[in-house]
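Residue-level structure breakdown
Chain by chain, the residues:
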2 protein chains.
Amino acid sequence: MITLAEENYLKAILKLSKNSEDSVSTNAIAEELDTKASSVTDMIKKITDKQLVDYVPYRGVSLSKSGLKKAIEIVRKHRLWEVFLVTKLQFKWDEVHDIAEQLEHIKSQKLVDALDAYLGYPQHDPHGEPIPNKDGQFPKSFSKRLSELEKGSSGQVVGVSQDNQSFLQYLNSLNITLGASISVIQKIDFDDSLEITINNKSAHISNDVARNLLIKQK
Amino acid sequence: MITLAEENYLKAILKLSKNSEDSVSTNAIAEELDTKASSVTDMIKKITDKQLVDYVPYRGVSLSKSGLKKAIEIVRKHRLWEVFLVTKLQFKWDEVHDIAEQLEHIKSQKLVDALDAYLGYPQHDPHGEPIPNKDGQFPKSFSKRLSELEKGSSGQVVGVSQDNQSFLQYLNSLNITLGASISVIQKIDFDDSLEITINNKSAHISNDVARNLLIKQK
DNA sequence: TTATAAATTTAGACAAATCTAAAAATTAAA
DNA sequence: TTTAATTTTTAGATTTGTCTAAATTTATAA
Ligand SMILES: [Mn+2]
Ligand SMILES: [Mn+2]
Ligand SMILES: [Mn+2]
Ligand SMILES: [Mn+2]
């Protein structure tokens, strides 16, 4: 049996590893889960024993095949529940993440499948984040990070790569929603911040924000 | 903060106390939760410290006002989720209890309220069990236990007072569903079992089963 | 009313998950 | 290539929830 805490570690490791190959540092996991490095080391040993990760002391961890599968399942559940909350229960996109953090740990394969069907097999959650299918495959995406666009180019917001409440509420205050049109007016070298227009209204955003906005160009 | 284990103890105590006054024995709780009496004593001390129950050593526990409120909230969540699973996700009535045991611990008042509204403020769960409203009030019921009916009397099944899978699957095998018509043909004194008809087909059931079937007489 | 049985609590231990402080290993700097 | 800084691991504790075995209290029976 895999515990709730173990599931959260697997999810954190998946989030932190771009390529499922490369290994993740103890400190990075500690920061992601808001815990101490020593706690991370303890837990890594446990999930190593369960063969959920590969671990080389002082060198970091990476997900094993079964660990990756498990982590993707949790992400799938998290995002399906977010869709449920928004499309069926009328929650706002900035209200669903914390509840999904709880719901993602409910154990029932039949429930996940039934929920998926009930929602119409959605490919993206309310934040434009991709939902892996039953086999763990993510839908292909053709988006770029806003921070990577050239000056003068433009497109539509199709997703965010972070869905915590404070970030989403900041986006709300800028009227940045899924589907909004954004153009890059100016790139400031000094701090990599951007002058942009959102549906033709101008604004200035930090690189930190731009990095987490996914844009699809026409 | 109230933990998941504490919630389960409160729920068990509520279930075991007919009148919210009378106190529940350590052994009864241990049996209900499939744990040891010594574990129960340990936990009782913890929830006593949190003023969720009143406890007299060797004499048993009863729910305090706040403990009762909390216990009813959990029952409310459990039964609302059961309704969701059956009416929206097409689960059978014998498949929902175990999943609801998990879902009842999800913490979000807004979620419970939204779910309640989404389901149309149901008063009974898929097993005919009453769902307390937001204020903790249970809907009035006019049913009797089948075991209390006289020979010759009859009525319709409006609920069960137990919803574990094995019991419900046994009812399925007898074609006892909500709405089924039942008549008492004979009461056997020896073991209090009953000869009955279910939609005019005869069957023999134990007192243990009859006690958990709720009947509404015409 | 005393002895026996049953129920309950206490004592001591353990696994899970976490922490702080200290030691060890790795990386970066001089 | 040493030394210093950073990262990571280990040692030792703590909290929660559970267990077994033993002691205590209450209930029952002779
Ligand atoms: Mn989320
Ligand atoms: Mn999301
Ligand atoms: Mn149930
Ligand atoms: Mn039920």
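No experiment lies behind these values; they were computed from the predicted model shown.

For these two chains of identical sequence, chain A goes onto chain B by a turn of 180° and a shift of 0.0 Å along the axis, with RMSD 0.1 Å. What the rotation and shift describe, once combined, is the action of a two-fold rotation axis. Taking the C-alpha atom as reference, chain A places A:Leu103 closest to the rotation axis, 3.8 Å from it. Mapped onto chain B, 100% of the interface residues of chain A are again interface residues, and the two copies thus contact each other with one and the same surface.

This paragraph deals with the protein's contact with DNA strand D. Around DNA strand D lies a shell of 22 residues, among which A:Lys45, A:Tyr55, B:Thr35, B:Ser39 and B:Arg59 are the nearest. Backbone atoms, meaning sugar and phosphate, form 73% of the atoms of DNA strand D found within 4 Å of the protein. Within the backbone of A:Asn27, a nitrogen or oxygen atom sits 3.0 Å from a phosphate oxygen of DNA strand D. The contact in question runs from a sugar or linking oxygen of DNA strand D to an N or O atom on the side chain of B:Tyr58, over 3.4 Å. When residues of the surface near DNA strand D are traced back to their parent elements, those giving at least two are helix H2 (26-33) and helix H3 (37-49) of chain A together with helix H1 (4-16) and helix H3 (37-49) of chain B. By residue number, the principal contributor to the surface near DNA strand D is H3(B), which donates five residues. Split by residue class, the surface near DNA strand D holds eight nonpolar, nine polar and five charged.

On to the environment of A:Glu21, then. Here A:Glu21 lies in the loop between helix H1 (4-16) and H2. On a C-alpha basis, the gap between A:Glu21 and A:Gly128 in space is 25 Å, while along the polypeptide they are 107 residues apart.

What follows covers the sheet that holds strand S7 (residues 201-205) of chain B. Residues and elements named next belong to chain B. If you walk across this open sheet you meet the six strands as S3-S8-S4-S5-S6-S7, and the pairing is antiparallel. The open sheet has two edge strands with one neighbour each: strand S3 (144-145) and S7. Pairing analysis gives five bridges linking strand S4 (residues 154-160) to strand S8 (residues 213-217), with the strands arranged antiparallel. Counted as the bridge partner of Gln156 is Lys216 from S8.

The next thing to look at is the interface of chain A and chain B. Contact residues are listed per partner, giving 19 residues for chain A and 19 residues for chain B. Summed over both sides, the interface of chain A with chain B buries roughly 1,600 Å², with 73% coming from carbon and sulfur. Counting across the chain A and chain B interface gives two salt bridges. Our count for the chain A to chain B interface comes out at five residue pairs in polar contact (both at pLDDT 80 or more). Those elements that place two or more of their residues in the side of chain A that touches chain B are helix H4 (65-87), helix H5 (97-103) and helix H6 (109-118) of chain A. With five residues, the single largest contributor to the side of chain A that touches chain B is H6(A). When grouped by side-chain class, the residues that make up the side of chain A that touches chain B number twelve nonpolar, three polar and four charged.

Think of it this way: four donors in a tetrahedron around the metal ideally sit 109.5 degrees apart, and six in an octahedron ideally sit 90 or 180 degrees apart. Residues and elements named next belong to chain B. Within the protein, His78 (NE2), Glu82 (OE), His97 (ND1) and Asp163 (OD) serve as the donor atoms for the manganese ion (ligand 3), at 2.0 to 2.1 Å. Expressed as a motif, the donor residue spacing for the manganese ion (ligand 3) is H-x3-E-x14-H-x65-D. Here the manganese ion (ligand 3) and the manganese ion (ligand 4) are spaced 3.4 Å apart, and both take Glu82 as a donor. Of the two residues, His78 is situated in helix H4 (residues 65-87) and Asp163 in the loop between S4 and helix H7 (165-173); the sequence distance between them amounts to 85 residues. Here His78 matches Asp163 in class, with each residue buried.

Parameters and conventions
Residues numbered from 1 in each chain as written. Chains lettered and ligands numbered in written order. Predicted model: local features only at pLDDT ≥ 70, side-chain atom pairs only at ≥ 80, totals over all residues. Heavy atoms only, no water. Least-squares fit on C-alpha atoms with pLDDT ≥ 70 in both. Contact = heavy atoms within 4.5 Å. Near = heavy atom within 4 Å. Polar contact = N/O pair within 3.5 Å; in protein donor to acceptor, adjacent residues only side chain to side chain. Helix = DSSP H or I, 4+ residues; strand = E, 2+ residues; numbered from the N terminus. Nonpolar A, V, L, I, M, F, W, Y, C, P; charged D, E, K, R; others polar. Pairing = 2+ DSSP bridges. Buried area = accessible area lost by both parts, 1.4 Å probe. Salt bridge = Lys/Arg side-chain N within 4 Å of Asp/Glu carboxyl O. Donors = N, O, S within 2.8 Å, 3.2 Å for Na, K, Ca; no water. Buried < 20%, exposed > 50% of the residue type's maximum accessible area, 1.4 Å probe, protein only.

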